[in-house]
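Architecture and fold: a report
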Amino acid sequence: MKIFIAFCTLFISISLNAQLSGDVVQDGRELKKSGPFVIEGNHTGKVVFDISVNPLGVITGFKVNQQETTIKSTPTQISARKHISEWRFEPGTHFPQYHQGKIIITVVKPID
């Protein structure tokens, strides 16, 4: 299972632009502290977050984009939110006060 997660993480990190989008990417704001874009959960699918980042690089707003999210389980969505809550972007006063973006977290069921 760990090999599968490692492979998924590598594959997803190669296609980072597909997992992170919006003004934060268009304006060249780097993701300074993050984790994998793939997590284990009780469901398989994706959770899409509309985010807001402050000038310090902290994600201050999280909203599940229900139209693009394929997992409707609230506990899984909360788990994905906790996963990205400590992520940080490049700080800077030249970025907007509430810099907008989108993060896609892929959730996979562990294989026994």
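Here's what I pulled together on the structure shown here. As the structure is a computational prediction, the values presented were derived from the model and not from experiment. (Residues numbered from 1 in each chain as written. Predicted model: local features only at pLDDT ≥ 70, side-chain atom pairs only at ≥ 80, totals over all residues. Heavy atoms only, no water.)

1. Some words on the overall build of the protein chain
In terms of helices and strands, the protein chain carries four helices and seven strands. Counting from the amino terminus, the protein chain carries its helices and strands in the arrangement α-α-β-α-β-β-β-β-α-β-β. A separation threshold of at least 6 residues defines the contact pool for the protein chain, and within that pool the share at least 24 residues apart is 79%. (Helix = DSSP H or I, 4+ residues; strand = E, 2+ residues; numbered from the N terminus. Contact = heavy atoms within 4.5 Å.)

2. Looking at helix H4 (residues 74-84)
Those residues of H4 not exposed but buried are Thr76, Gln77, Ala80 and Ile84. For H4, the arc enclosing every buried residue in end-on projection is 100°, short of the 170-degree limit, so these residues lie on one face. Away from the buried face of H4 by more than 90 degrees, exposed residues Pro75 and Lys82 are located. Where H4 is buried, its residues contact strand S3 (38-40), strand S4 (45-53), strand S5 (59-64) and strand S7 (99-108). (Buried < 20%, exposed > 50% of the residue type's maximum accessible area, 1.4 Å probe, protein only. Arc of directions from axis to C-beta.)

3. Focus: the nonpolar core
If you look at the biggest cluster of nonpolar residues, it comprises 19 residues, and the most contacted ones within it are Phe49, Trp87, Phe89, Ile103 and Ile105. Those elements giving two or more residues to this core turn out to be S4, S5, H4 and S7. Broken down by element, the residue count for this core peaks at four residues, all from S4. (Core = buried A, V, L, I, M, F, W, Y, C linked by side-chain atoms within 4.5 Å.)

4. As for the packing of aromatic side chains
Inspection of every chain in the model, using the stated rule, returns one aromatic pair. Between Phe37 and Trp87, the aromatic rings sit 5.1 Å apart at their centres with planes inclined by 80°, giving edge-to-face as the arrangement. Here Phe37, found in the loop between strand S2 (31-33) and S3, pairs with Trp87, found in the loop between H4 and strand S6 (88-89); they are 50 residues apart in sequence, far enough to count as distant. Trp87 carries the same exposure label as Phe37, and that label is buried. (Phe/Tyr/Trp six-rings, centres within 6.5 Å; stacked < 30°, edge-to-face > 60°.)

5. Digging into the pattern of salt bridges
Side-chain pairing between opposite charges can occur once the charged atoms of the two side chains come close. For the coordinates displayed, the defined rule picks out three salt bridges. Salt-bridge contacts for Lys102 lead to Glu68; the nearest nitrogen and oxygen are separated by 2.7 Å. One end of the pair, Lys102, is in strand S7; the other, Glu68, is in the loop between S5 and H4, and 34 residues separate them in sequence. The partly exposed category is assigned to Glu68, whose relative accessible area is 30%. Taking the shortest distance from any N to any O, the salt bridge between Glu86 and Arg88 comes out at 3.8 Å. By relative accessible area, which is 45% here, Glu86 ends up partly exposed. A residue is classified by how much of its surface remains accessible, and Arg88, at 24% relative accessible area, is partly exposed. (Salt bridge = Lys/Arg side-chain N within 4 Å of Asp/Glu carboxyl O.)

From the geometry alone we can't say anything about function, so treat these as descriptive.
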